[in-house]
Every structure is written in structure tokens, then in C-alpha cells.
Amino acid sequence: MKVHSSRLQKGLKEFNVPRSLAQTIVGYLEDEIVEERLKPGSRLIPEELAKHFDVSVSPVREALFLLQQVNLVTYRSRYGFSVSEIHIEDIENIYPIRGTLHALMVKTIIEKGFEQDLIDELKELLNCMEGAVQKEDINAYFYFNT
């Protein structure tokens with residue numbers, strides 16, 4: 001299934017849901033981690049990432065701390081940030097909360113009369129996530145969740 005995230009982003013803009021620079025970086029890094037282009041244990045150096053994104057270090061650090069809150073990134077003093085290893089326990093602890101927030105978002109979208117094809121796409125993503133959970137496929141779950 002090909003997800004049309006640009007349509008979702010367009011939809012979020014229509015509802016005036018702003019994305020900060022840090023949130024944009026979070027989205028990119030989340031994809032890189034979930035799709036394993038950034039392997040567990042890989043160092044994430046804020047200065048290098050800032051140079052890559054052509055931004056100051058501040059939004060990069062904010063993004064890394066946000067990713068730390070959902071256990072995708074680990075911070076250790078004198079070492080810095082690194083990609084966390086993803087465990088099933090993380091999903092069991094964190095994602096019910098995210099699922100509830102996403103359900104609320106979908107409910108709001110439906111109540112506001114959003115385009116039917118986007119609603120269908122969101123339902124398809126939820127079905128894919130449920131299938132990934134049943135197969136215990138962590139990577140697929142993270143991919144569809146992202």
C-alpha cells in the first residue's frame with residue numbers, strides 16, 4: 001500500500017495544525033528509524049543533523065528530546081544521542097496512548113466533514129496497523145503508524 005502523506009499534510013494545513021521545524025525533523029527521523037535506515041545504536045549528532053537539515057542546532061535537539069520521550073532515541077551523558085532498540089514492550093506501553101490520540105484526531109476530521117478518500121486512507125492504515133500487531137511485525141506497525 002502506498003500512503004499519500006502529502007494529502008494528510010494538506011488536510012492538517014486546512015485545519016490549521018501547524019508543524020514546527022522540530023516536528024518536521026521528528027517526522028523525518030522517525031521514518032529513518034522505523035524503516036531501519038538508522039540502525040539501533042547509531043549515533044545522532046545534533047550538529048551534523050543541523051547541517052544536514054540546514055537549520056540551527058536548537059530544533060534538532062528539541063526533535064531528539066521528543067523522540068527520546070517515545071523511546072526511539074536514547075540520551076547518555078558523555079555519549080550523546082543514539083537510536084534506541086525497539087522492543088515490543090515499548091509499543092505496548094506507548095502506542096495505546098498514541099492510538100487514542102489518533103482516534104480523537106480521526107473523529108475530529110470526520111465531524112468536520114473531511115474528504116472521504118482521506119478517511120478511507122486512514123481506515124486502511126488502521127487496518128494495516130492491526131494486521132501488523134497480529135503478526136507481531138514491529139517494523140510494519142511503526143511504518144504504518146508513522
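It should be noted that the structure appears before, not after, this text.
Each value, and the rule that gives it
- Every chain begins its residue count from 1, and numbering advances along the sequence as written.
- Totals for whole chains, interfaces and linings use all residues, but because this is a predicted model, local features are given only for residues with pLDDT of at least 70 and pairs of side-chain atoms are given and counted only at 80 or more.
- Think of the side-chain values as coming from all heavy atoms in the structure, minus any hydrogens and water.
- Helix and strand labels come from DSSP, where a helix needs a run of H or I of at least four residues and a strand needs a run of E of at least two; each type is numbered from the N terminus.
- Think of it in three bands: with a 1.4 Å probe and only protein chains considered, a residue is buried below 20% of the maximum accessible area for its type, exposed above 50%, and partly exposed in between.
- Contact definition: two residues touch when any of their heavy atoms are within 4.5 Å.
- Methods summary: accessible areas were calculated by the Shrake-Rupley approach with a probe of 1.4 Å, and residue burial reflects only the protein chains presented.
- In these notes, a set of buried Ala, Val, Leu, Ile, Met, Phe, Trp, Tyr and Cys residues joined through side-chain atoms within 4.5 Å is what counts as a nonpolar core.
- In this scheme, a helix's expected span is set at 1.5 Å multiplied by one less than its residue total.
- When we speak of the arc, we mean the arc of directions from the helix axis to the C-beta atoms.

Chemist: Hey, could you run me through the overall build of the protein in this one?
Modeler: The helix and strand inventory of the protein stands at seven helices and three strands. Its helices and strands taken in sequence order, the protein reads α-α-β-α-α-β-β-α-α-α from the N to the C terminus. The buried share among the 146 residues of the protein stands at 33%. When contacts within the protein are restricted to residue pairs at least 6 apart in sequence, long-range pairs at least 24 apart make up 62% of them. Carbon and sulfur atoms form 53% of the exposed surface of the protein, whose accessible area is close to 9400 Å².

Chemist: Just checking my understanding: could you explain the nonpolar core for this structure?
Modeler: Most often, soluble globular proteins keep nonpolar side chains buried together rather than apart. In this structure, L44, L64 and V73 are the most contacted members of the largest nonpolar core, which totals 17 residues. Looking at this core, the elements that each hand over two or more residues are α2 (21-34), α3 (46-53), α4 (57-69) and β3 (80-83). Looking at this core element by element, the count peaks at five residues for α2. In terms of nonpolar packing, the next biggest core, distinct from the first, is built from 11 residues, L118, I119, L125 and Y141 among them.

Chemist: It is not clear to me how unusual backbone geometry should be interpreted in this structure. Could you clarify?
Modeler: Working note: non-glycine residues mostly have negative phi, and peptide bonds are mostly trans. One non-glycine residue, D54, lies in the positive phi region at around 60°. Inspection of the secondary structure puts D54 in the loop between α3 and α4. Positive phi, normally seen in glycine, also occurs at N71, with a value near 65°. Considering the arrangement of structural elements, one finds N71 in the loop between α4 and β2 (73-76).

Chemist: Could you clarify how one ought to interpret α4 in this entry?
Modeler: End to end, α4 covers 19 Å across 13 residues, agreeing with the expected 18 Å (1.5 Å per residue, within 8%). What α4 keeps buried is the set P59, V60, A63, L64 and L67. An end-on view of α4 places all buried positions within 140° of arc, on one side of the element. Turned more than 90 degrees away from the buried face of α4, the exposed residues are S58 and Q69. Of the surrounding secondary structure, the elements contacted by the buried residues of α4 are α2, β1 (43-44), α3, β2 and β3. Looking one or two residues past α4, N71 carries a phi angle of roughly 65°, positive in sign.

Just distances and angles here, no functional claims.
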